[in-house]
Amino acid sequence: MHTWVCDNPIGVEALNWKELPTPQPSAGEVRVAIRAASLNFPDLLIVQNKYQMKPPLPFVPGSEYAGVVEAVGDGVTHLKVGDAVAAFGGTGGFATHACVSASLVMPLPAGFAFDDAAAFVLTYATTHHALLDRAQLKAGESVLVLGAAGGVGTAAIQIAKAAGAKVIAAASSDEKCVLCKTLGADASINYTTANLRDELKRLTEGKGPDVVYDPVGGEVAEPVFRSIAWRGRYLVVGFAAGGIPALPWNLALLKGASIVGVFWGDFARREPKANARALAELAQWYARGQVKPVIDQRLPMNQLPAAFARMGSRKVQGKLVMTND
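A.B. asks: Would you take a moment to explain the overall build of the chain for this structure?
C.D. replies: When helices and strands are counted, the chain shows eleven helices and 15 strands. What you see for the chain is a C-alpha radius of gyration of 20 Å, in line with the 20 Å of a compact globule of 325 residues. Projected onto its principal axes, the C-alpha coordinates of the chain cover approximately 60 × 40 × 35 Å. Excluding contacts between residues fewer than 6 apart, the proportion of contacts in the chain whose partners are at least 24 apart in sequence is 68%. Per element, the accessible surface of the chain, about 14,400 Å² overall, is 53% carbon and sulfur.

Structure follows, in structure tokens:
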């Protein structure tokens with residue numbers, strides 16, 4: 001097998017593309033021949049030693065991938081050789097093969113493309129958990145999606161629309177705003193050229209958004225929170241902008257608003273049955289065409305550094321996918 005190995009987590013430049021023996025699955029594991037893997041922001045943080053999970057060295061980065069079961073370990077009964085699957089293993093995906101716990105593997109229904117599946121589990125499960133579980137989003141409510149042209153942002157537009165909400169997409173360029181409208185956003189805001197608070201007031205007729213989906217953090221958080229509706233829910237999904245906001249607590253008091261943390265990984269571990277139900281619903285929505293990952297580019301697996309460079313340019317619309325052709 002070939003794989004990207006992180007021996008020293010000082011950044012992407014320290015990753016090495018190596019040939020290693022193909023592993024055998026242990027009890028409870030399956031070996032997946034990887035067809036596609038996607039980049040997520042935590043994949044960058046983990047090779048910089050900045051992520052909350054710090055795997056023992058050396059490790060193979062790549063949290064999310066899809067492919068075909070090639071071997072099955074003892075005790076695995078619900079998967080067999082030849083099954084098409086997606087996996088969220090946390091690590092292991094930037095390679096040609098990976099062994100992963102069978103409990104972290106999602107069988108793919110017929111017609112689910114590997115490229116889409118590799119960009120699906122983390123992004124869509126996080127967003128489903130955020131909007132429908134944590135925020136209890138109702139049809140007719142308004143949702144502001146920050147970083148709306150990114151991987152989780154594009155998923156948030158689609159899932160909010162599937163739930164019957166009005167979606168306001170905020171992005172950093174006119175081009176990204178156009179993409180958001182094509183995905184179903186009812187309105188868009190280029191927050192680099194427009195006054196975000198004024199636009200939110202106009203678009204919500206003075207009420208403010210009921211739910212804010214924020215994977216960005218940074219300096220936009222406070223003005224957005226000041227614009228939130230009475231009983232609004234502010235979803236803390238991530239900090240792609242780099243800065244972790246420090247909000248004045250009196251704002252939550254004055255708006256009767258909630259600041260709601262979203263940690264899908266621990267939700268999936270602690271509440272596996274609820275997570276399985278969410279994934280099943282998402283698979284049905286995919287089959288009906290209600291949700292579909294936006295793929296920015298497909299690159300060969302051995303060009304991973306170029307994919308990380310594009311991610312760092314903040315030009316990505318949707319997800320970057322690495323493939324083993």
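A.B. asks: What should I look at first to understand the packing of aromatic side chains in this one?
C.D. replies: Aromatic rings in a pair are described by how distant their centres are and how their planes are angled relative to each other. A full pass over the atoms with the stated rule returns eight aromatic pairs. Between Trp-4 and Trp-17, the ring centres sit 5.3 Å apart and the planes meet at 45°, which makes this aromatic pair tilted. With Trp-4 in strand β1 (residues 2-6) and Trp-17 in strand β2 (residues 15-19), this pair connects stretches of sequence that are 13 residues apart. The buried category is assigned to Trp-4, whose relative accessible area is 7%. Where Phe-88 meets Trp-264, the ring centres are 5.1 Å apart and the plane angle is 70°; that geometry is what we call edge-to-face. In this pair, Phe-88 sits in strand β5 (residues 84-88) while Trp-264 sits in helix α9 (residues 264-270), placing the two residues 176 residues apart along the sequence. One exposure class covers both Phe-88 and Trp-264, and it is buried. Three or more aromatic residues link up through ring pairs in this structure, and these residues are Phe-112, Phe-120, Tyr-124 and Tyr-286.

A.B. asks: Just checking my understanding: could you explain the packing of helix α3 (residues 121-134) against helix α10 (residues 272-287) for this structure?
C.D. replies: Helix packing for two helices is described by the angle between their axes and how far apart those axes are. In the contact formed by α3 and α10, the axes pass within 10 Å of each other and the chain directions differ by 110°. Taken together, the axes of α3 and α10 lie roughly perpendicular to each other. Helix-helix and strand crossings are classified by hand; for α3 and α10 the assignment is right-handed. Between α3 and α10, the residues in contact are Val-121, Tyr-124, Ala-125, His-128 and Leu-132 and Asn-275, Ala-278, Leu-279, Glu-281, Leu-282 and Trp-285, respectively. Of the residues contributing to the contact of α3 with α10, the split by class is eight nonpolar, two polar and one charged.

A.B. asks: Would you take a moment to explain the state of the cysteines for this structure?
C.D. replies: This model, assessed by the stated rule, comprises zero disulfides. Sulfur of Cys-99: no disulfide; nearest cysteine sulfur belongs to Cys-6 and is 20 Å away. Between Cys-180, a free cysteine, and Cys-177, which holds the nearest cysteine sulfur, the sulfur-to-sulfur gap is 6.0 Å. You can call Cys-180 buried: its relative accessible area is 0%.

A.B. asks: Teacher, can you tell me more about the environment of Ala-278 here?
C.D. replies: Along the chain, the position of Ala-278 falls in helix α10. For Ala-278, a relative accessible area of 8% gives the class buried. For the pair Ala-278 and Pro-293, spaced 15 residues apart in sequence, the C-alpha to C-alpha distance is 16 Å.

A.B. asks: Help me understand the pairing of strand β15 (residues 319-323) in this model?
C.D. replies: Within a regular strand, the side chains alternate between the two sheet faces. Most of β15 sits inside the fold, with five of its five residues counted as buried. Here β15 shows two buried faces, one formed by Lys-319, Val-321 and Thr-323 and the other by Leu-320 and Met-322. Two strands pair when backbone bridges link them, and strand β3 (residues 29-38) and β15 are joined in this way by three bridges, in the antiparallel orientation. Across the sheet, residue Ser-38 finds its bridge partner in β15, namely Val-321. Taken together, the five bridges between strand β14 (residues 295-300) and β15 define a ladder with parallel strand orientation. Bridging across to β15, Arg-298 finds its partner in Val-321. For the crossover from β14 across helix α11 (residues 304-312) to β15, the handedness is right-handed.

A.B. asks: Help me understand α11 in this model?
C.D. replies: Since one α-helical turn is 3.6 residues long, residues separated by three or four positions face the same way. Within the sequence span of α11, burial applies to Leu-304, Ala-307, Phe-308 and Met-311. Around the axis of α11, the buried residues are gathered within 100° of arc, so they sit on the same side. Exposed residues pointing more than 90 degrees away from the buried face of α11 are listed as Ala-309 and Gly-312. Buried positions along α11 lie against β1, β2, α1 (41-47), β14 and β15. Count one or two residues on from α11 and you reach Arg-314, which has phi positive near 60°.

A.B. asks: Mind showing me how you'd approach the side chain of Arg-233 here?
C.D. replies: Here Arg-233 lies in strand β12 (residues 233-236). For Arg-233, a relative accessible area of 14% corresponds to the buried category. In terms of polar contacts, Arg-233 uses its side chain to reach the side chain of Glu-141, at 2.8 Å. Not counting residues within four places of it along the chain, the set of residues in contact with Arg-233 comprises Ala-135, Gln-136, Leu-137, Glu-141, Asp-210, Val-211, Val-212, Ile-228, Ser-258 and Val-260.

Definitions and cut-offs
- Residues numbered from 1 in each chain as written.
- Predicted model: local features only at pLDDT ≥ 70, side-chain atom pairs only at ≥ 80, totals over all residues.
- Heavy atoms only, no water.
- Helix = DSSP H or I, 4+ residues; strand = E, 2+ residues; numbered from the N terminus.
- Rg over C-alpha atoms; globule rule 2.2 N^0.38 Å.
- Contact = heavy atoms within 4.5 Å.
- Areas by Shrake-Rupley, 256 points an atom, 1.4 Å probe, with all protein chains shown as cover.
- Phe/Tyr/Trp six-rings, centres within 6.5 Å; stacked < 30°, edge-to-face > 60°.
- Buried < 20%, exposed > 50% of the residue type's maximum accessible area, 1.4 Å probe, protein only.
- Axes fitted to C-alpha atoms, helices over the stretch in contact; angles between N-to-C directions.
- Parallel < 35°, antiparallel > 145°, perpendicular 65-115°, else oblique.
- Left-handed = near helix turned anticlockwise from the far one by under 90°.
- Nonpolar A, V, L, I, M, F, W, Y, C, P; charged D, E, K, R; others polar.
- Disulfide = S-S within 2.5 Å.
- Pairing = 2+ DSSP bridges.
- Right-handed = clockwise from strand over helix to strand, strands pointing away.
- Arc of directions from axis to C-beta.
- Polar contact = N/O pair within 3.5 Å; in protein donor to acceptor, adjacent residues only side chain to side chain.

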